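Commentary on secondary and tertiary structure
Chain by chain, the residues:
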Amino acid sequence: HVQLVESGGGLVQPGGSLKLSCAASGSIFSINDMGWYRQAPGKQRELVATITGGGRINYADSVKGRFTISRDNAKNTVYLQMNSLKPEDTAVYYCNAYIAVLGRRYPSDYWGQGTQVTVSS
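The text that follows walks through the structure, step by step, so that each part is easy to find. Just so it is clear, the model here is predicted, and its values are computed rather than measured.

A closer look at the packing of aromatic side chains
Aromatic rings considered in pairs are described by the distance between their centres and by the relative angle of their planes. All told, the structure shown has one aromatic pair when counted by the stated rule. Measuring from centroid to centroid gives 5.1 Å for Tyr37 and Trp111, while their planes differ by 65 degrees, and the two rings are edge-to-face. Here the residue Tyr37 occupies a position in strand S4 (residues 28-39), and Trp111 occupies one in strand S10 (residues 108-111), the gap between them amounting to 74 residues. Overall, Trp111 belongs to the partly exposed group, its relative accessible area being 37%. A cation over a ring is seen here: Arg45 above Trp111, with NZ or CZ 4.7 Å from the ring centre.

Re the nonpolar core
Trp36, Leu80, Met82, Tyr93 and Ile99 are the most contacted members of the largest nonpolar core, which has 33 residues in total. Looking at this core element by element, the count peaks at six residues for strand S9 (residues 91-101). Ignoring anything within four residues of it in the chain, the contact list for Met82 reads Gly16, Ser17, Leu18, Leu20, Arg66, Phe67, Tyr93 and Val117.

Examining the pairing of strand S1 (residues 2-7)
Across the two faces of S1 the burial differs, with Val2, Leu4 and Glu6 buried and Gln3, Val5 and Ser7 not buried at all. Looking at chain direction, S1 and strand S3 (residues 18-26) are connected through six bridges and run antiparallel. Among the inter-strand pairings, Ser7 is bridged to a residue of S3, identified as Ser21.

Section: the sheet that holds strand S8 (residues 77-82)
On the basis of which strands lie adjacent, the open sheet formed by four strands has the order S1-S3-S8-S7 and antiparallel pairing. Edge positions in the sheet fall to S1 and strand S7 (67-72), since each of these pairs with one other strand and no more. The sheet shows a mean angle of 15 degrees between the axes of neighbouring strands, direction not considered. Relative to S8, S7 runs antiparallel, the two being bridged by six bridges.

Details of the pattern of salt bridges
Tallying each qualifying case throughout the model produces four salt bridges. Between Arg38 and Asp89 there is a salt bridge; the shortest N-O distance is 3.0 Å. A residue pair is termed long-range when its members are at least 10 positions apart, and Arg38 in strand S4 and Asp89 in the loop between S8 and S9 qualify at 51 residues. Accessibility expressed as a relative area gives 1% for Asp89, which makes it buried. Notably, a salt bridge pairs Asp61 with Lys64, separated by 3.1 Å at the nearest N-O pair.

Observations regarding the side chain of Arg38
Judged by its relative accessible area of 7%, Arg38 is buried. One polar contact links Arg38 to Asp89, side chain to side chain, over a distance of 3.0 Å. For Arg38, the residues in contact, after removing those within four places along its chain, are Gln44, Arg45, Glu46, Val48, Ser62, Val63, Phe67, Glu88, Asp89, Ala91, Val92 and Tyr93.

Thresholds applied
- Residues numbered from 1 in each chain as written.
- Predicted model: local features only at pLDDT ≥ 70, side-chain atom pairs only at ≥ 80, totals over all residues.
- Heavy atoms only, no water.
- Phe/Tyr/Trp six-rings, centres within 6.5 Å; stacked < 30°, edge-to-face > 60°.
- Helix = DSSP H or I, 4+ residues; strand = E, 2+ residues; numbered from the N terminus.
- Buried < 20%, exposed > 50% of the residue type's maximum accessible area, 1.4 Å probe, protein only.
- Lys NZ or Arg CZ within 6 Å of the ring centre and 35° of its normal.
- Core = buried A, V, L, I, M, F, W, Y, C linked by side-chain atoms within 4.5 Å.
- Contact = heavy atoms within 4.5 Å.
- Pairing = 2+ DSSP bridges.
- Axes fitted to C-alpha atoms, helices over the stretch in contact; angles between N-to-C directions.
- Salt bridge = Lys/Arg side-chain N within 4 Å of Asp/Glu carboxyl O.
- Polar contact = N/O pair within 3.5 Å; in protein donor to acceptor, adjacent residues only side chain to side chain.

Structure, rendered in structure tokens:
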């Protein structure tokens, strides 16, 4: 059994910063890609940023230069540092990881429960 647990969401004023964390736990053999997605009310879930096991990073155009994704492989944790936040960044942020589980032949996608980020004055 594998679990992704997110933390760090909350309410922040425009221009402020937040840092999200997502820790994976359970019978993990290895973790490949990790990433963050978000879903605003009435909209589809969209990619925010991803990072491969080798450290290759991809950002959505809307967050480039403001958000930074990183990972600590020893802790099975991925982070999202969000700076210069805008009201349009308001959404539920979901952690995603592609994980190889002990005893299983192929890796699978796992999702966290989501954490709310609200940017408002």
